[in-house]
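Commentary on secondary and tertiary structure
For reference, the chains in residue letters:
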Amino acid sequence: MSSKVTIYHNPRCSKSRQTMELLHSKSIQPEVIEYLNTPADFATLDTLLSMLKIEPRQLMRKGEAEYKENNLSDESLTREQLIDAMVKFPKLMERPIVVKDGKAAIGRPPERVLEIL
């Protein structure tokens, strides 16, 4: 029996849709969290960052207006402040993120998620 797979998904994002198609092609029916409709809380983002083994800024979409308007490139901002910004502006979160068995991968490119399946 395989364990649960979760995808933090944005249906408007082509990489997110491609990752979903890849999962389906492997007969995986993931739990889908549309994070723009159901934003991750601080604890969830902190856990995802730990599983991804990256820092908050590495999970942020730096081209988004919210990134620039909130001066999130400021190097003096703490890990907590950057996570808080992603909680407040979920659009900043890179996508998709697939989680299985305490491991996570960003589907850029979509094939990267195969490493944790």
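These remarks concern the structure in this document. Being a predicted model, the structure only gives us computed values, none of them experimental. (Residues numbered from 1 in each chain as written. Predicted model: local features only at pLDDT ≥ 70, side-chain atom pairs only at ≥ 80, totals over all residues. Heavy atoms only, no water.)

**Quick notes on the environment of tyrosine 35**
Looking at the secondary structure, you find tyrosine 35 in the loop between strand S2 (31-34) and helix H2 (42-52). For tyrosine 35, a relative accessible area of 1% gives the class buried. Sequence separation between tyrosine 35 and asparagine 10 is 25 residues, and the spatial gap between their C-alpha atoms is 6.9 Å. Among residues more than four places away in sequence, those in contact with tyrosine 35 are Tyr8, His9, Asn10, Pro90, Met93 and Arg95. (Helix = DSSP H or I, 4+ residues; strand = E, 2+ residues; numbered from the N terminus. Buried < 20%, exposed > 50% of the residue type's maximum accessible area, 1.4 Å probe, protein only. Contact = heavy atoms within 4.5 Å.)

**Quick look at the layout of surface pockets**
By volume, the largest pocket is sized at about 150 Å³. If you go around the largest pocket, the residues you meet are Leu52, Ile54, Ala104, Ala105, Ile106, Arg112, Glu115 and Ile116. Tallying contributions element by element places strand S4 (residues 103-106) first for the lining of the largest pocket, with three residues. Here the residues of the lining of the largest pocket sort into six nonpolar, no polar and two charged. (1 Å grid on protein atoms, 1.4 Å probe; cavity = no way out; pocket = protein on both sides within 12 Å on 5 of 7 lines; lining within 4 Å. Points joined across faces, edges and corners; volume = space filled by probe spheres on them. Nonpolar A, V, L, I, M, F, W, Y, C, P; charged D, E, K, R; others polar.)

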